[in-house]
Amino acid sequence: MEINYEEIETFLGICNDLVGGKFVDADTKIGEALAAIAKSRELTNLFTAVTQGYDFTAAKKAFLIPPTNTMHGSISIPAERRELLAFVFCLFVEIDAGILPFSRFLLDYFYIDGSFTGSYLIFADRVVRPFRDIVRDCYPESKRKGYEVKRRAREELFGQIGELIEAERARLNAYALLEVDRAASELLFAGLSNAVLSRDETVLSALLAGYKYFLHYVGGEDENSNRLFELAATL
């Protein structure tokens, strides 16, 4: 199946917001990052694979050194890329669920003069940045850009098809059609416009087949309609 790079870009954009953002927005952004993973088949598969059999309880004992009465806690980031993905993902899940209260977590393990802002900057740099970079490396930029070019070209094509459909509607309105035929044409145009708006290629193709037959029936074929059918065939 084709990778949906748009969903991956959405996730990476949220991670960028976390890396360059503020402490006050972090809770919300972590929730958004998890939601973006859940919406993406590729990212869901990735994190399912890296967390399969992963013992996060043991990992916390290994990588989180808790604070004591005399010392602040500290964190050791996993060196292995797969484990880093699993560790940070599980960390996000517990923060989002409230199991690890985020403000307390920052001061316990990223303490900088009691400042949430300073502590968050270290968290973003040491935890979120490598997490984002590893996911980004799993989906090379050249492929993501290629998908974006393809997506934009497809959007432009739908835009052109929509314009041709509206031109066809105006052209057919000038025809002396029987009332029943005019009603049928309006139904077709309404369906075609909705198919373009929803980017539904299957419905668009089916309705254009019907419209082609309708034009032949009323003797209404011309260069504009031919261009419409040609463009739609390239979707």
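Residues numbered from 1 in each chain as written. Predicted model: local features only at pLDDT ≥ 70, side-chain atom pairs only at ≥ 80, totals over all residues. Heavy atoms only, no water.

(A) View of the overall build of the protein. Counting its regular elements, the protein contains eleven helices and two strands. Ordered by position in the sequence, the α and β elements of the protein form the string α-α-α-α-β-β-α-α-α-α-α-α-α. Relative to its length of 235 residues, the protein is extended, with a C-alpha radius of gyration of 27 Å against a globular reference of 18 Å. Counting only C-alpha atoms and orienting by the principal axes, one finds that the protein spans roughly 90 × 30 × 25 Å. (Helix = DSSP H or I, 4+ residues; strand = E, 2+ residues; numbered from the N terminus. Rg over C-alpha atoms; globule rule 2.2 N^0.38 Å.)

(B) Representation of the environment of Ala124. Its place among the elements puts Ala124 in helix α7 (residues 116-138). Overall, the relative accessible area of 1% leaves Ala124 in the buried class. Every residue in contact with Ala124, bar those within four places of it in the chain, is listed here: Leu18, Val19 and Arg129. (Buried < 20%, exposed > 50% of the residue type's maximum accessible area, 1.4 Å probe, protein only. Contact = heavy atoms within 4.5 Å.)

(C) Main features of the state of the cysteines. Following the criterion strictly, the structure yields zero disulfides and no others. Looking at Cys15, it has no disulfide partner, and the nearest cysteine sulfur is the one in Cys138, 12 Å off. We classify Cys15 as buried; its relative accessible area is 0%. (Disulfide = S-S within 2.5 Å.)

(D) View of unusual backbone geometry. Of note, Arg199 is a non-glycine position whose phi angle comes to about 55°, a positive value. You can see Arg199 is positioned in the loop between α9 (179-197) and α10 (201-218). Its relative accessible area of 27% is what places Arg199 among the partly exposed residues.

(E) Expanded view of the side chain of Glu94. Mapped onto the fold, Glu94 is located in helix α5 (residues 81-97). Accessibility expressed as a relative area gives 14% for Glu94, which makes it buried. Leave out the neighbours within four places in its chain, and Glu94 touches Phe56, Lys60, Ile99 and Leu100.

(F) Quick peek at the packing of helix α6 (residues 102-109) against α7. Interaxial distance between α6 and α7 falls to 9 Å at its minimum, and their mutual angle equals 80°. One finds that α6 runs roughly perpendicular with respect to α7. Within the contact between the two elements, α6 uses Phe102, Ser103, Phe105, Leu106 and Leu107 and α7 uses Phe116, Ser119, Tyr120 and Phe123. When its residues are assigned to classes, the contact of α6 with α7 shows seven nonpolar, two polar and no charged. (Axes fitted to C-alpha atoms, helices over the stretch in contact; angles between N-to-C directions. Parallel < 35°, antiparallel > 145°, perpendicular 65-115°, else oblique. Nonpolar A, V, L, I, M, F, W, Y, C, P; charged D, E, K, R; others polar.)

(G) Geometry of the pattern of salt bridges. Applying the stated criterion across every chain, the model contains 14 salt bridges. Linking Glu168 and Arg171 is a salt bridge whose minimum nitrogen-to-oxygen distance equals 2.8 Å. Here the residue Glu168 and the residue Arg171 both occupy positions in helix α8 (residues 141-173), the gap between them amounting to three residues, near one helical turn. For the pair shown, Glu168 and Arg171 are each scored as buried. (Salt bridge = Lys/Arg side-chain N within 4 Å of Asp/Glu carboxyl O.)

(H) Spotlight on the side chain of Arg169. For Arg169, the position within the fold is in helix α8. Under the relative-accessibility criterion, Arg169 is labelled buried at 19%. Engagement of the side chain of Arg169 in a polar contact is seen with the backbone oxygen of Phe189, the distance being 3.5 Å. Every residue in contact with Arg169, bar those within four places of it in the chain, is listed here: Glu186, Phe189, Ala190 and Ser193. (Polar contact = N/O pair within 3.5 Å; in protein donor to acceptor, adjacent residues only side chain to side chain.)

(I) Seen up close, the nonpolar core. In this structure, Phe11, Phe47, Phe92, Phe105, Phe123 and Phe131 are the most contacted members of the largest nonpolar core, which totals 48 residues. Mapped onto this core, the elements with two or more residues apiece are α1 (5-20), α2 (23-39), α3 (41-51), α4 (56-63), α5, α6 and α7. Broken down by element, the residue count for this core peaks at ten residues, all from α5. Formed by 21 residues, the second largest nonpolar core is a distinct cluster that contains Ile161, Ile165, Leu188 and Leu208. (Core = buried A, V, L, I, M, F, W, Y, C linked by side-chain atoms within 4.5 Å.)

(J) Just the packing of aromatic side chains, in detail. On inspection of all chains with the given rule, the structure shows 19 aromatic pairs. For the ring pair Phe110 and Phe123, a centre distance of 5.6 Å and an interplane angle of 85° mean the geometry is edge-to-face. Taken together, the residues span a long stretch of sequence, with Phe110 in the loop between α6 and α7 and Phe123 in helix α7 at a distance of 13 residues. Of the residues examined, Phe110 reaches a relative accessible area of 2% and is grouped as buried. A relative accessible area of 0% places Phe123 in the buried class. Joined through ring pairs, the aromatic side chains of Phe23, Phe102, Phe105, Tyr109, Phe110, Phe116, Tyr120 and Phe123 make up one cluster. The cationic tip of Lys212 hangs over the ring face of Phe229; the distance from NZ or CZ to the ring centre is 5.4 Å. (Phe/Tyr/Trp six-rings, centres within 6.5 Å; stacked < 30°, edge-to-face > 60°. Lys NZ or Arg CZ within 6 Å of the ring centre and 35° of its normal.)

Without other data, these values stay purely geometric and don't point to any function.
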